[in-house]
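# Structure at a glance
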Amino acid sequence: MGKSTGFMEYDRIPARVRDPKKRTRDWNEYSLPLPEKDLTIQAARCMDCGVPFCSVGMEIKNGVSGCPLNNLIPEWNDAVYRGEWEEALQLLLKTNNFPEFTGRVCPAPCEGACTVAISEPAVGIKSIEKEIIDYGFRSGLIKPEPPLKRTGKRIAIIGSGPAGLACADQLNKAGHYVTVFEKSDRIGGLLMYGIPTMKLEKESVTRRVNLMAAEGVEFVTGVNAGVDIKMADLKQDFDAIVLATGASKARDVNIEGRDATGIHFAVPYLTQSIKDNLENEGKQTLSAKGKKVVIIGGGDTGADCVATALRQGASSIHQFGHRGKLPELRTNQNPWPEYPHIFQMDYAHVEAEAVLGADPREYLISTVAFEKDQDGRLTGLHTIQVDHDIENHKYTEIPGTERFFEADMVLIAAGFAGATDDIFTNFNVAKTNRHTIDAAKGFYRTNEEAVFACGDARYGQSLVVTAIAEGREAAREVDFYLMDETFLP
Ligand SMILES: Cc1cc2nc3c(=O)[nH]c(=O)nc-3n(C[C@H](O)[C@H](O)[C@H](O)COP(=O)(O)OP(=O)(O)OC[C@H]3O[C@@H](n4cnc5c(N)ncnc54)[C@H](O)[C@@H]3O)c2cc1C
Ligand code: SF4
């Protein structure tokens, strides 16, 4: 380990970010690199606790604790402390195909499980991960490494999000011919169209895709697999098929006035904004400019809508959440090393406070009806406050707490209800009662011979890190299925 007393000597150095007000005037990434001396101090805070819960990646009470990729965190912290950046990079790449994504967008369940975090702020693991991989790209250490031999086996991956990409990367490394089919016009899944540019610049997605293409992975865009190419044809042309099609069936808010114009689902709204940045010199075609915006959904997707609407120039923003405000500190019901369910200011909330003067979140609020004018245009929302019985998962409306919010744009970010229906019909795969593809964890096999499933399509809407982990594990199973042995990790 780096420094045995580091965790007692040094404080956590928070991730560096751009000024919250200024950064809303552009779409560039909001995070900044940490200087090397700060990173050395961060790495020195790792106490090499012996049982690194940060690396374990287990599920506790349906939440992720520790890194699902089992990243070798104490090992790379030690290498960074010693200034051995190339060694740190090699250690990081052993378990994570795409640290440039996780280092930017991961909510870092590793930090919640860090042993230092029992009594002090956790080691800044995510900042260190980001700097290790950025160093790798900057110094030219990341270059195409095609496999030395090919097996002759052919695999079709359907969907190019982090799960599909990680699966493709691993199977290509094992020497198989891999083709990734994507129905959208760009590769990357939600990394490309979903997660906003200020969190993850799209150049880093294309850089990785180009690298994989140079290593031999074939990418085909604009193909809705199962429709444009039927499953029977895919089965004939490929030895195995992996469904990594995501969980994009959006939850709707089916209440009075839902047909008003001005109500949009979050992901198409975010996608349009990203597309406009990539193709339209930033001119926003579905814009919140000058509008009173209400976002229904208190989660991360809702927060991304806040940040996007701010940059488009919304005149007011409210973000509605069904749940109550989280406590400042862990409660006894949420002990270490569980993921800490505590109050946090996401990047978008900090920005909203800086630009509009207030945190946009409204808690324990339910929308009961949309109001529209005689032309069918949205004018506002009727709401009521609710009581949340956490134990029984029940919400009860509180009479007398009705309110009206003026709005000319509503963004629905109320979560996802699993995989889209076409996947089950077109690929004949069984579904779980969560509307995901039925394929057991650890095996990833569906009811159809030679058809596997991974990522959000199997697991339900989750995280980039979970999707990468699923893609890697599924690749191992596919390799074993095809070769009767596997050397993939
Ligand atoms: C707005 C938003 C923001 C998020 N922010 C974060 C974040 O900051 N951090 C984080 O860790 N997680 C975040 N997530 C969650 C994370 O992005 C997902 O868990 C992850 O991308 C899932 O990866 P995946 O590969 O399983 O699926 P996806 O990324 O959804 O990719 C699936 C791909 O399959 C394609 N596809 C579907 N059907 C077909 C077909 N028939 N033929 C061809 N292609 C098909 C889709 O077009 C899509 O490109 C966010 C999610 C959303 C919606
Ligand atoms: S991928 Fe996420 S959980 Fe794993 S080390 Fe990086 S920030 Fe932590």
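The structure presented is a predicted model; accordingly, all values stated were derived computationally and were not measured. (Residues numbered from 1 in each chain as written. Chains lettered and ligands numbered in written order. Predicted model: local features only at pLDDT ≥ 70, side-chain atom pairs only at ≥ 80, totals over all residues. Heavy atoms only, no water.)

## Section: the site of ligand 1
- Neighbouring ligand 1 are 35 residues; Val105, Glu182, Lys199, Asp456 and Val464 lie closest to it.
- Measuring from an oxygen atom of ligand 1, one finds a side-chain N or O atom of Lys199 at 2.9 Å.
- Coverage of ligand 1 by the protein chains reaches 94% of its 1,000 Å² of free accessible surface.
- Within the residue set of the shell around ligand 1, elements represented by two or more residues are α9 (162–173), β6 (177–182), α12 (266–279), α13 (300–312) and α17 (464–483). (Near = heavy atom within 4 Å. Polar contact = N/O pair within 3.5 Å; in protein donor to acceptor, adjacent residues only side chain to side chain. Areas by Shrake-Rupley, 256 points an atom, 1.4 Å probe, with all protein chains shown as cover. Helix = DSSP H or I, 4+ residues; strand = E, 2+ residues; numbered from the N terminus.)

## What about the sheet that holds strand β8 (residues 240–243)?
- Taken together, the five strands give an open sheet; going across it, the order is β7-β6-β5-β8-β18, and neighbouring strands pair in parallel fashion. Edge positions in the sheet fall to β7 (218–221) and β18 (451–453), since each has one partner strand and no second. Taking the axes of each pair of neighbouring strands and ignoring which way they run, one obtains an average angle of 20° across the sheet.
- Note that strand β5 (residues 154–158) and β6 share five bridges and pair parallel. Looking across to β6, one finds that Ile157 is bridged to Val180. (Pairing = 2+ DSSP bridges. Axes fitted to C-alpha atoms, helices over the stretch in contact; angles between N-to-C directions.)

## Quick look at the sheet that holds strand β17 (residues 409–412)
- What the five strands build is an open sheet, ordered β9-β17-β10-β11-β12; its pairing is parallel. The sheet is open, and its two edges are formed by β9 (263–265) and β12 (361–362), each paired on a single side.
- Here four bridges tie strand β10 (residues 292–296) to β17, and the two strands are oriented parallel to one another. Counterpart to Ile296 in the pairing with β17 is Ile412.
- Across the sheet, α13 lies against β10, β11 (316–320) and β17, angled at about 180° from β11, the strand it touches most. (Contact = heavy atoms within 4.5 Å.)

## Comments concerning the layout of surface pockets
- Each pocket or cavity is described by its volume, and for the second largest pocket that value is around 530 Å³.
- For the second largest pocket, the lining is made up of 20 residues, of which Gln90, Leu93, Glu145, Lys173 and Glu215 are closest to its centre.
- Ranked by residue count, the leading element in the lining of the second largest pocket is helix α5 (residues 85–95), at four residues.
- Considered class by class, the residues forming the lining of the second largest pocket number eight nonpolar, four polar and eight charged.
- Taken domain by domain, the makeup of the lining of the second largest pocket includes at least three residues from each of domain 1 (6–138) and domain 2 (154–248 + 417–483). (1 Å grid on protein atoms, 1.4 Å probe; cavity = no way out; pocket = protein on both sides within 12 Å on 5 of 7 lines; lining within 4 Å. Points joined across faces, edges and corners; volume = space filled by probe spheres on them. Nonpolar A, V, L, I, M, F, W, Y, C, P; charged D, E, K, R; others polar. Domains from an automatic or database assignment.)

## Some details on empty space enclosed by the protein
- Throughout the structure, instances matching the rule amount to three cavities of 30 Å³ or more.
- For the largest cavity, the calculated volume is near 100 Å³.
- In this structure, the largest cavity is lined by 16 residues; those nearest its centre are Cys46, Cys49, Cys54, Cys114 and Thr115.
- At three residues, the largest contribution of residues to the lining of the largest cavity is made by helix α4 (residues 73–81).
- If you add up the space inside the second largest cavity, you get close to 90 Å³.
- Contributing to the lining of the second largest cavity are 15 residues, with Cys67, Asn71, Cys106, Cys110 and Glu129 lying nearest its centre.
- Broken down by secondary-structure element, the contributors of at least two residues to the lining of the second largest cavity are α7 (109–112) and α8 (125–138).

## So, the side chain of Gln42
- Relative to the helices and strands, Gln42 is located in helix α3 (residues 36–44).
- Exposure remark for Gln42: the relative accessible area of 0% places this residue in the buried category.
- Leaving out residues up to four positions away in the same chain, Gln42 has contacts with Asp11, Arg12, Ile13, Ala122, Val123, Gly124 and Ile128. (Buried < 20%, exposed > 50% of the residue type's maximum accessible area, 1.4 Å probe, protein only.)

## Side note on the UniProt feature "domain: Dihydroprymidine dehydrogenase" (unreviewed entry) in the protein
- Mapped onto this numbering, the UniProt entry gives "domain: Dihydroprymidine dehydrogenase" (unreviewed entry) at residues 24–138.
- Span residues 24–138 is 47% helix and 7% strand, its end C-alpha atoms 27 Å apart. (UniProt positions renumbered as here; feature names shortened; annotations may be inferred.)

## Concerning the site of ligand 2
- If you check the shell around ligand 2, you find Cys67, Asn71, Ile73, Thr102, Cys106, Ala108, Pro109, Cys110, Ile125, Lys126, Glu129 and Val465 and nothing else.
- When each cavity is represented as a set of grid points, ligand 2 is found to reside in the second largest cavity.
- Contributions of two or more residues to the shell around ligand 2 are made by α7 and α8.
- Its residues placed into classes, the shell around ligand 2 shows eight nonpolar, two polar and two charged. (Sits in = over half its atoms within 2 Å of the grid points.)

## Notes on the pattern of salt bridges
- Under the criterion given, the structure shown has 30 salt bridges.
- Between Arg208 and Glu100 there is a salt bridge, with the nearest N and O atoms lying 2.6 Å from each other. Of this pair, Arg208 sits in helix α10 (residues 202–214) while Glu100 is found in helix α6 (residues 99–105), placing the two residues 108 residues apart along the sequence. Summarising the burial analysis for this pair, Arg208 and Glu100 share the class buried.
- Glu448 is paired through a salt bridge with Lys235; the nearest N and O atoms lie 2.5 Å apart. (Salt bridge = Lys/Arg side-chain N within 4 Å of Asp/Glu carboxyl O.)

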